[in-house]
Amino acid sequence: MSKESYPLSKHANDGLSTYGNSRNMIGYANSPPNITWPNGAKVALNLVLNYEEGGENCLLHGDAESEKLLSEIVGAGAIPNQRHANMESLYDYGSRAGYWRLYNLLTKKYHVPCTVFAVGMALERNPPVCESMKYAIQHCGWEVASHGYRWWDYQNVAMDVEREHIARSVQIHKDVLGVRPVGMYQGKPNVNTRRLVMEEGGFLYDSDAYDDDLPYWATTPEGQPHLVIPYTLSENDMKFASPNGFSHGKEFSTYLKDNLTYLLEEGRNGSPKMMSVGLHCRLVGRPGRAKGLEEFLDFVNSLGDDVWVTTRAEIAKHWYKHHYPGGRSGRSSL
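Read on for an overview of the structure. (Residues numbered from 1 in each chain as written. Predicted model: local features only at pLDDT ≥ 70, side-chain atom pairs only at ≥ 80, totals over all residues. Heavy atoms only, no water.)

**Structural notes on the pattern of salt bridges**
Right, on to step 1. Summed over all chains, the structure comprises 16 salt bridges.
Right, on to step 2. Salt-bridge contacts for Asp-306 lead to Lys-42; the nearest nitrogen and oxygen are separated by 3.8 Å. Of this pair, Asp-306 sits in the loop between helix H7 (287–302) and strand E11 (307–310) while Lys-42 sits in the loop between strand E2 (23–24) and strand E3 (43–51); the two residues are 264 residues apart in sequence, bridging distant segments of the chain.
Right, on to step 3. Residue Lys-42 is classed as partly exposed on the basis of its relative accessible area of 21%.
Right, on to step 4. Across the salt bridge formed by Glu-53 and Arg-282, the nearest N and O atoms sit 2.8 Å from each other. A residue pair is termed long-range when its members are at least 10 positions apart, and Glu-53 in the loop between E3 and helix H1 (85–109) and Arg-282 in the loop between strand E10 (273–280) and H7 qualify at 229 residues.
Right, on to step 5. A single network of salt bridges, built from pairs that share partners, joins Lys-42, Arg-268 and Asp-306. (Salt bridge = Lys/Arg side-chain N within 4 Å of Asp/Glu carboxyl O. Helix = DSSP H or I, 4+ residues; strand = E, 2+ residues; numbered from the N terminus. Buried < 20%, exposed > 50% of the residue type's maximum accessible area, 1.4 Å probe, protein only.)

Next up, the structure:
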């Protein structure tokens with residue numbers, strides 16, 4: 001029966017699997033690419049440390065309201081035209097204490113690479129943090145990707161403003177870290193964000209997606225491949241600040257171990273995947289929660305070469321080399 005039989009409910013996108021320039025309901029279906037991670041790993045694991053403190057909404061930053069998201073005040077609302085003293089202090093914990101706890105855990109105890117999603121304005125405010133990231137890039141294989149200039153919701157931000165923010169954030173990375181970001185995660189994007197990331201021209205990938213367990217290729221307006229490495233809001237410590245989320249570190253650890261165990265089984269059965277873990281300095285940087293992360297990392301260590309702990313930049317390079325459209329390698333400069 002045709003769509004014309006349902007005139008009150010028909011829509012131009014009815015029955016389409018790919019539409020809106022970004023939605024794809026099929027993806028790899030049940031036939032993912034034949035993946036061989038380095039050393040025969042069954043899962044590529046990426047730890048993501050979100051560095052946002054100092055870039056959130058605040059009247060002191062020129063904003064019209066206070067921050068409301070991802071703090072110990074679950075369900076907080078933004079306060080128009082006023083500062084929120086408690087919210088500011090909770091964010092400051094992340095940059096003053098939480099970051100260093102996680103930095104020491106990852107670089108000194110486990111010496112593992114991670115990807116930092118760094119807000120440009122936040123980086124500018126904390127030179128010691130920037131110096132530590134420069135050290136970790138050189139000695140621990142860290143990557144610092146862009147998390148935009150502001151920790152804003154960009155849903156209704158004009159394209160010219162967002163374009164400037166992306167360019168400004170790239171320049172801040174160059175100025176304070178000595179290297180530009182090759183990855184981008186706006187976090188709260190709009191339907192134009194990916195287009196602007198592609199337009200900037202220097203990014204290997206973006207992570208403003210949650211729709212797969214593997215990287216995949218999108219297409220630029222000019223028809224060129226653009227890599228998307230999906231992120232996660234489930235294997236993420238943000239659930240410590242969500243109703244019915246994690247209540248203590250052991251719940252966090254157990255969930256992460258269960259997730260990794262399931263992906264390992266899939267990998268051993270011939271379908272390797274990737275796993276992201278989202279971390280926030282002001283959340284899992286609290287000692288009791290950091291203990292849960294520590295337990296998870298001990299579990300990861302016990303799995304040996306079955307888990308490739310890496311950065312998103314390294315995953316991107318692997319994908320460009322082995323899974324570039326048309327069977328050739330992309331970006332010969334990688």
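**Comments concerning the environment of Cys-140**
Right, on to step 1. You can see Cys-140 is positioned in helix H3 (residues 127–140).
Right, on to step 2. Residue classification places Cys-140 among the buried positions, given a relative accessible area of 8%.
Right, on to step 3. For the pair formed by Cys-140 and Pro-7, sequence separation is 133 residues and the distance between their alpha carbons is 60 Å.
Right, on to step 4. Each residue touching Cys-140, except ones within four places of it in the same chain, is listed here: Thr-107, His-111, Val-112, Pro-113 and Tyr-135. (Contact = heavy atoms within 4.5 Å.)

**Quick word on empty space enclosed by the protein**
Right, on to step 1. This structure, assessed with the given rule, holds one cavity of 30 Å³ or more.
Right, on to step 2. In terms of lining residues, the largest cavity is bounded by Glu-56, Asn-57, Cys-58, Ser-66, Glu-67, His-84, Met-87 and Glu-88. (1 Å grid on protein atoms, 1.4 Å probe; cavity = no way out; pocket = protein on both sides within 12 Å on 5 of 7 lines; lining within 4 Å. Points joined across faces, edges and corners; volume = space filled by probe spheres on them.)

**Re the nonpolar core**
Right, on to step 1. Counting residues in each nonpolar core, the largest one holds 57 residues, and the members touching the most others are Trp-142 and Phe-296.
Right, on to step 2. Setting aside chain neighbours within four positions, we find Phe-296 in contact with Leu-45, Leu-47, Ser-253, Leu-256, Lys-257, Leu-260, Met-275 and Val-277. (Core = buried A, V, L, I, M, F, W, Y, C linked by side-chain atoms within 4.5 Å.)

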